Amino acid sequence: MKVVKFGGSSLASGKQVEKVFNIVTTDPTRKVVVVSAPGKRFPEDIKVTDLLIECADLVLRGRDPKEQVEAVIARYQAIAEELALPSQIIMEIRQDLSDRLNSDQRKPDRFIDLLKASGEDNNAKLVASYFQSRGVEAYYVNPKEAGLLVSAEPGNAQALPESYELLYSLHSRPGILIFPGFFGFSKEGDVYTFSRSGSDITGSILANALKADLYENFTDVDAVYSVNPFIIERPKEIRELTYREMRELSYAGFSVLHDEALVPAFRAGIPVHIKNTNNPQAEGTRIMTERDNTNGPVIGIASDEGFCSIYVSKYLMNREIGFGRKLLGILEDYGISYEHTPSGIDDMSVILRENQLDEQTEKAIINRIKTELHADEVKIEHGLALIMVVGEGMRRNVGTMARASKALAKAKVNIEMINQGSSEVSMMFGVKEYDEKKAVQALYDEFFAAVTV
Ligand code: ASP
């Protein structure tokens, strides 16, 4: 039995929904279908989810969201017309949106989630009605009835442990089950969404709960690439990846799969298969516990910008018990999360995403580190990019770091920071943002130019 998830671009038009129908119905083991809201049809297009967020914002500011509501309905209408569906379904969607817009707004974040979730909910209803119109036994599944319980965290819900047992009962339902992605219900019965792109998470939860043999994730690329195709033209495709490798890559900017989505599948040991809705014949990429290690030490290179580093220096820091905890405690007080903490005898750096700091917070943090920790020097360096060089093969191959740093030196990229050792399957390089592309190119040439992945 397979759980199959289709992303927004796979459901952006009637033609796309027809492709989804063909993919699902050619394989009788594709039993549970998780759908996103309609996504972009072309690069400048607006995702239904973004339109819904705009609607909610306008309402909360006391403005009329009519234009945005009509834009949302127009998206579903275009799909329904292309698929020759009866107009009843659009009337239902209109009614559903109007009910949500008129609901309780006392908790703004919860109101936004309720609106956001309608994108997938109404799309699941529309897709189910299309499958039925083609004579296939298919049903929309209401996540509340099915038991997808989540924490009451707006825009960042987490599945509650009891969901898994409750969802197992979906097995006894007949036909193809069309399940809306992206949201669940709190114990109090309110809608809460996962973080953005969270339909991937729904698919993974269902794969785990239903003990599926495979979780197929259909998107709009033939495979996971070894490097960002916006940096390197037509990079090598990855056939097989381990969960750990995928996690490391998606964390640093590989956006093919939501990085939280791997966890439920990983826990149940269910392989994930990334495939292309627009080219289902392509082999895709398989993510699993272990893989053959026939290629070189590196499977992929990911990079992301927008980081900064807080550098703290204090003579005899190594002898001071609790220094690291106190430093991180200050960041915790401001609700700031960090990515890496490379440290030396008398120095420690904390790398974090710089969008978490405004000028005032930055000043306050530096001040507290200076006064409370009596640091000799504290400085913040902005504009850093992190590059992750990832591969299980690294453990067995000698000299991978030497090859990487030599390649960067040859390209005249100054390495601001290195973190190696804490993870067995990755090396992290911090470089200036303006050097990011050059660095990725140099590393790609070094590890992939002559290797078949
Ligand atoms: N539609 C939601 C988003 O745009 C969730 C998803 O597509 O997975 O974030």
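Here goes a summary of the coordinates provided. (Residues numbered from 1 in each chain as written. Predicted model: local features only at pLDDT ≥ 70, side-chain atom pairs only at ≥ 80, totals over all residues. Heavy atoms only, no water.)

**Section: the site of the ligand**
Here is the rule: Working definition: residue near molecule or strand if any one of its non-hydrogen atoms lies within 4 Å of it. Think of a polar contact as two N or O atoms within 3.5 Å of one another; within protein, one of them needs to be a possible hydrogen donor and the other a possible acceptor, and neighboring residues in sequence only count if both atoms come from side chains. Surface accessibility follows the Shrake-Rupley procedure with a 1.4 Å probe radius. Residue values consider only the protein chains on display as shielding. Amino acids are sorted into nonpolar (Ala, Val, Leu, Ile, Met, Phe, Trp, Tyr, Cys and Pro), charged (Asp, Glu, Lys and Arg) and polar (every other residue, Gly among them).
Taken together, S36, K47, T49, E120, F182, R196, S197, G198 and S199 make up the full set of residues near the ligand. S36 is positioned with one of its side-chain polar atoms (N or O) 3.2 Å from an oxygen atom of the ligand. Measuring from an oxygen atom of the ligand, one finds a backbone N or O atom of S199 at 3.0 Å. Protein coverage of the free-state accessible area of the ligand, which is 260 Å², stands at 94%. Residue composition of the shell around the ligand, by class: one nonpolar, five polar and three charged.

**Side note on the sheet that holds strand β2 (residues 30-35)**
Our working rule: Whether two strands pair depends on DSSP finding at least two bridges between them. The helix count covers DSSP runs of H or I at least four residues long, the strand count covers runs of E at least two residues long, and both are numbered beginning at the N terminus. Only the stretch in contact is used when a helix axis is fitted, and all axes are lines through C-alpha atoms; the angle between N-to-C directions ranges over 0 to 180 degrees.
Strand order in the open sheet made by the eight strands is β3-β4-β2-β1-β7-β11-β12-β10, with mixed pairing throughout. Of all strands in the sheet, those with a lone pairing partner are β3 (138-140) and β10 (240-242), marking the two edges. Within the sheet, the average angular offset between the axes of one strand and its neighbour, ignoring direction, is 20°. In terms of strand pairing, β3 meets strand β4 (residues 176-180) through three bridges, oriented parallel. Considered in β4, the bridge of Y139 is made with L177.

**Things to note about the packing of aromatic side chains**
Centre distance and the angle of the planes are the two values used to describe a pair of aromatic rings. Where we set the bar: Paired rings are identified among Phe, Tyr and Trp, the last through its six-membered ring, by centres lying within 6.5 Å, and are further divided according to the angle between planes into stacked (under 30 degrees), edge-to-face (over 60) and tilted (the rest). For every residue, the accessible area (1.4 Å probe, protein chains only) is compared with the maximum for its type, and the residue is labelled buried under 20%, exposed over 50%, or partly exposed between those bounds.
All chains considered together, the criterion is met by six aromatic pairs. Ring geometry for Y243 versus F266: centroids 5.1 Å apart, planes at 75°, classification edge-to-face. You can see Y243 sitting in helix α9 (residues 243-251) and its partner F266 sitting in helix α10 (residues 262-267), a full 23 residues away along the chain. The exposure class assigned to Y243 is buried, which follows from its relative accessible area of 4%. With centroids separated by 5.1 Å and ring planes inclined at 15°, the aromatic side chains of Y444 and F448 adopt a geometry described as stacked. Within this pair, Y444 and its partner F448 are both found in helix α14 (residues 436-448), separated by four residues, close to a single helical turn. Neither Y444 nor F448 differs from the other in exposure class; each is buried. Among the aromatic residues, those joined into a cluster by ring pairs are F21, Y130 and F131.

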